[in-house]
Structures are given as structure tokens and as C-alpha cells.
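An overview of the molecular structure
Residues per chain are reported as follows:
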Amino acid sequence: MKKILAMILAGAMMLSMGACSNEAPAEKPAETPAAPSAPAETPAAPATPAAPSAEGKTVGVAMPTQSSERWINDGANMKAQLEALGYEVELQYAEDDVQMQVSQIENMIASGVDCLVIASIDSVALTGVEAQAKEAGIPIIAYDRLLMETDAVSYYASFDNEGVGRAIGEYIETAKDLANATEPLTIEFFMGSPDDNNAVLLYNGVMKVLQPYLDNGTLVCKSGRTSFEETCILRWSQETAQKNCEDYLAGFYADEDLDICCTAFDGFAYGCRSALEGAGYKLGENWPLITGQDAELMATKNIISGYQTMSIAKDTRTLAEKCVTMVNAVLTGAEPEINDTTTYDNGVFVVPSYLCTPVAVDVNNYQEVLVDTGYYTADQLA
Ligand code: BGC
């Protein structure tokens with residue numbers, strides 16, 4: 001309760017400071033009549049209270065899974081950057097088990113963390129624990145995945161998720177020169193988890209670019225599965241992507257090759273690779289264009305060898321950096337960096353967000369995007 005009061009007061013102070021700064025300075029004294037000047041006998045009273053610091057504060061970081069490399073990097077970056085500022089960090093992974101994530105967050109609340117950073121597994125499954133955190137005065141930052149249907153979240157740090165989808169669509173459009181294509185090309189879609197808000201945004205971005213080509217017959221999806229509902233894959237499962245791809249190849253591509261696997265995740269690209277190898281597709285002969293997301297180390301190696309065509313590089317160091325400014329904002333009253341206040345409506349309110357920029361990466365620019373920036377060393381990719 002004390003924390004809530006302190007936050008409300010801090011918020012009110014910031015608001016009134018903001019309001020004052022837009023007004024003529026001459027009006028200020030008249031507006032603050034009740035501020036008494038310090039009595040002469042009060043010695044050394046600081047003019048402004050010392051800024052709250054990270055000292056002794058703990059941040060609970062709840063991550064979805066260690067089964068994909070990006071989240072391991074996310075957790076490590078967050079921990080390192082928060083610790084560098086003097087925070088203690090409690091980092092937990094829930095291995096894509098929703099109930100385990102709920103329990104981990106409950107335990108963090110019980111252990112008295114000062115702030116929660118959550119990358120959810122199911123973005124609507126946490127409303128109960130989020131309400132508990134709010135009740136306990138613990139602010140929450142949504143990390144990469146928006147927390148839906150809650151008023152307990154203060155800020156959201158992510159990438160431009162529709163932008164990720166557009167970049168995938170535009171890559172296919174350019175690489176296959178769809179605008180000038182004379183022969184139809186076949187395509188299948190492997191989209192993200194329906195309980196992850198990012199997945200539908202990514203799908204929308206892909207379709208903003210590719211739908212016209214499906215409509216005019218330049219792209220042909222022989223399974224007929226083009227809607228989000230028909231192509232989404234629960235919990236971003238690589239195994240399901242592989243199974244879907246095997247089924248598509250067996251059911252619809254006996255007489256004609258599949259030209260494009262439009263996938264929303266490097267894990268799906270690995271699944272498609274296995275399915276294609278199993279069906280006898282060969283590099284340099286009939287290997288399709290395969291997209292992905294995250295530019296994981298294995299995906300980047302596959303891009304170099306040709307088994308994956310492209311991915312979306314998301315610099316998790318930058319994401320962690322932006323998220324840390326948000327943690328600092330809620331805990332020390334500093335200003336967070338925000339660059340979007342309109343897009344991310346979680347069903348209760350539009351969550352103030354910082355969106356990092358995704359970058360399409362392929363064999364032509366991986367050196368510049370991933371190696372020159374220090375994301376991977378040349379040795380790791382050798
Ligand atoms: C993230 C992606 C990631 C996917 C699967 C999404 O929420 O934004 O970067 O590929 O989850 O882990």
C-alpha cells in the first residue's frame with residue numbers, strides 16, 4: 001500500500017511538474033502558495049530529496065522458455081544490465097508451462113521483489129498474478145510480449161511486431177520479384193502462437209504485403225491454409241511446424257515443389273528443413289525460400305549454408321537496455337524512453353511502449369548486421 005501511495009504521489013508530482021513546465025515561469029510562485037520556506041533554524045535540510053537508487057532493490061524477471069536461444073540471451077542481457085545498475089535480479093524460466101510461470105511470479109511477489117519484468121507464455125493467463133502484484137504495489141513491465149487484459153502493467157518494451165511481419169513479406173516479394181512474376185509460386189504459412197499478441201501482429205504484417213499476390217494468383221497456397229487461425233502454431237512449437245510441413249508436402253505437393261515456407265520463427269524454419277529433407281528436397285535444386293525470426297545462431301549458420309534464406313535480427317541487447325530504462329523509471333522516478341503511445345492496446349488501455357527496429361538478415365548482410373555489431377563473433381559462425 002505504501003508503495004502504491006508513493007507511486008501515486010510521485011506520479012502526481014511528475015504530472016504537476018510537467019504541467020508547470022508548460023507555463024510561464026512568473027505564474028509558478030502564485031500556484032504554489034503552500035510551499036513554506038525552510039525555517040532558518042532547520043540546518044542542512046536538502047532542498048530536494050535524494051533521488052531513489054537501485055540499492056537493495058530486487059527485480060524479478062520471468063522468461064518463457066530456454067528452449068529457444070533468443071530467450072536465453074534476453075534473460076542474460078536483462079540480468080547483466082540490471083546488475084550493472086546495482087539491482088539484484090531473480091531470473092526464472094518457465095519452459096513454456098503457463099502454470100509454472102504463474103507460480104514463479106507468485107513466488108517473486110511473496111519474496112518481495114520491487115519490480116517485475118514479464119515475458120509471458122500466455123499473455124492473458126497472468127491477470128490473477130498481475131492483480132496480486134498491483135495490490136502489493138509491485139510495478140510490472142511487459143517484456144517483448146504484451147500482457148493482455150490487465151491494468152497492472154506500466155510499460156511495454158518490444159520490437160515493431162507488425163514491422164517484423166512486413167519485413168518477412170517484403171523479403172519474399174523482392175527475392176521472388178513477385179511484382180513481375182510470370183509463373184505462379186507455391187507458398188505455405190507457419191505462424192506464431194495464438195496466445196502471443198505478437199503472433200497476430202506479425203501475421204497482419206506478412207499479409208499486408210503478400211495478400212495481393214495470393215489474391216491475383218501470383219502466390220498459390222495449395223493447402224488453402226492462409227488465415228491466422230489455420231496457420232498459427234501453439235507455443236511456437238518446432239515439432240508442430242515440422243509435422244504441418246510434412247503433412248503439406250505429402251498432401252499437396254506430390255506433383256509440384258513447394259517454393260516458399262513463410263515461417264514466423266527460426267524454430268519453425270528448422271522444423272521445415274527437417275520435413276523438406278525427409279521429403280527429398282535438395283539444396284541447389286529445389287530447396288525453397290525459407291523465412292524465420294530471431295536470427296538465432298543456428299539459423300544464421302543455416303543462412304550461411306543455404307538451408308534457411310533469411311531471418312529477422314532482433315538485437316536483444318537493445319531491447320534489454322530499453323526495458324531497463326523502464327524498470328528505472330518505475331523504481332527511481334527516472335524518465336523511460338517511449339516511442340509509441342498508440343499501437344499496443346491490451347484490451348484495458350494503450351500501454352506506453354518502446355519499439356525497437358527489426359532488421360531482415362540474409363547471406364548478403366549477416367556480416368554487417370550480426371558480426372560487425374558484435375552480436376555474434378566470426379568464430380561462433382565458423
Ligand atoms: C517473439 C519472437 C520469438 C517468438 C518465439 C515472440 O513473442 O517476439 O521473437 O521468435 O516469440 O519465441
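Further up the page is the structure itself.
Structure report, in brief. Only a predicted model underlies this, so the values are computations on that prediction, with no experimental measurement involved.

Conventions used here
- Residues numbered from 1 in each chain as written.
- Predicted model: local features only at pLDDT ≥ 70, side-chain atom pairs only at ≥ 80, totals over all residues.
- Heavy atoms only, no water.
- Phe/Tyr/Trp six-rings, centres within 6.5 Å; stacked < 30°, edge-to-face > 60°.
- Helix = DSSP H or I, 4+ residues; strand = E, 2+ residues; numbered from the N terminus.
- Buried < 20%, exposed > 50% of the residue type's maximum accessible area, 1.4 Å probe, protein only.
- Lys NZ or Arg CZ within 6 Å of the ring centre and 35° of its normal.
- Expected span 1.5 Å × (residues − 1).
- Arc of directions from axis to C-beta.
- Polar contact = N/O pair within 3.5 Å; in protein donor to acceptor, adjacent residues only side chain to side chain.
- Pairing = 2+ DSSP bridges.
- Axes fitted to C-alpha atoms, helices over the stretch in contact; angles between N-to-C directions.
- Contact = heavy atoms within 4.5 Å.
- Near = heavy atom within 4 Å.
- Areas by Shrake-Rupley, 256 points an atom, 1.4 Å probe, with all protein chains shown as cover.
- Nonpolar A, V, L, I, M, F, W, Y, C, P; charged D, E, K, R; others polar.
- Domains from an automatic or database assignment.
- Core = buried A, V, L, I, M, F, W, Y, C linked by side-chain atoms within 4.5 Å.

1. Topic: the packing of aromatic side chains
- Following the criterion strictly, the structure yields 8 aromatic pairs and no others.
- Considering the side-chain rings of Y156 and Y344, the 4.9 Å spacing of their centres and the 65 degrees angle between planes classify their relative orientation as edge-to-face. You can see Y156 sitting in strand β5 (residues 153-159) and its partner Y344 sitting in the loop between α12 (316-332) and β11 (353-356), a full 188 residues away along the chain.
- In this structure Y156 comes out as buried when scored by relative accessible area, which is 0%.
- Among the aromatic residues, those joined into a ring-pair cluster are W236, F265 and F268.
- Lying across the ring of W71, R70 places its NZ or CZ 4.1 Å from the centre.
- Between the NZ or CZ atom of R273 and the centre of the ring of Y307, over which it lies, the distance is 3.6 Å.

2. Quick look at helix α4 (residues 98-110)
- Given a rise of 1.5 Å per residue, 13 residues ought to cover 18 Å, and the 19 Å separating the end C-alpha atoms of α4 matches this to within 8%.
- Listed in full, the buried residues belonging to α4 are V98, Q101, V102, Q104, I105, M108 and I109. Down the axis of α4, the sector holding all buried residues measures 165 degrees, keeping them to one side. Of the residues in α4, the exposed ones pointing more than 90 degrees away from the buried face are Q99, N107 and A110.
- Measuring from the side-chain oxygen of the N-cap residue of α4 to the backbone nitrogen of Q99 gives 3.0 Å; that N-cap residue is D97.

3. Description of the sheet that holds strand β4 (residues 140-143)
- Reading across the sheet, the 6 strands line up as β2-β1-β3-β4-β5-β11 and stay open at both edges, with parallel pairing between neighbours. Because the sheet does not close on itself, it has two edges, and the strands there are β2 (88-93) and β11. Averaged over all neighbouring strand pairs, the angle between strand axes comes to 15 degrees, with direction disregarded.
- With 4 bridges joining them, β4 and β5 adopt parallel strand pairing. Note on β5: the bridge partner recorded for A142 is Y156.
- Its contacts with the sheet put α12 on β1 (58-63), β3 (115-118), β4, β5 and β11, and the angle it makes with β5 is roughly 170 degrees.

4. Notes on the sheet that holds strand β6 (residues 185-190)
- Spatial ordering of the open sheet is given by β7-β6-β8-β9, a layout of 4 strands whose pairing is parallel. Because the sheet does not close on itself, it has two edges, and the strands there are β7 (219-220) and β9 (289-290).
- Here 2 bridges tie β6 to β7, and the two strands are oriented parallel to one another. By the bridge assignment for β7, T186 is matched with V220.
- Where helix α7 (residues 197-215) meets the sheet, it contacts β6, β7 and β8 (260-263), and its direction lies at approximately 145 degrees from that of β6.

5. Brief notes about the site of the ligand
- The full set of residues close to the ligand is R70, W71, D144, R145, D196, N198, W236, F265, Q293, D294 and K314.
- One of the side-chain N or O atoms of N198 is found 3.0 Å from an oxygen atom in the ligand.
- The fraction of the free accessible surface of the ligand (310 Å²) that becomes covered by protein chains is 98%.
- Looking at the shell around the ligand, its residues break down into 3 nonpolar, 2 polar and 6 charged.
- Viewed by domain, the shell around the ligand spans two of them, domain 2 (58-160 + 317-356) and domain 3 (162-314), each represented by three or more residues.

6. Let's talk about the side chain of Q104
- Structurally, Q104 is set in helix α4.
- Here the side chain of Q104 touches Y93 through a polar contact of 2.8 Å, landing on its backbone oxygen.
- Sequence-distant contacts of Q104, defined by excluding residues within four places in its chain, comprise Q92, Y93 and A94.

7. Overview of the nonpolar core
- Formed by 47 residues in total, the largest nonpolar core has its most connected members in I168, I187, F189, F190, L210, L219 and C262.
- Of all elements in the fold, only α6 (161-175), β6, α7, α9 (238-252), β8, α10 (266-278), β9 and β10 (310-313) reach the threshold of two or more residues within this core.
- Here this core gets 9 residues from one element, more than from any other, and that element is α7.
- Non-local contacts of I168, meaning those with residues more than four positions away in its chain, are made with L202, V206, C262, T263, T291, G292, M310 and I312.
- A54, C115, Y143 and A157 belong to the second-largest nonpolar core, a separate cluster that totals 29 residues.

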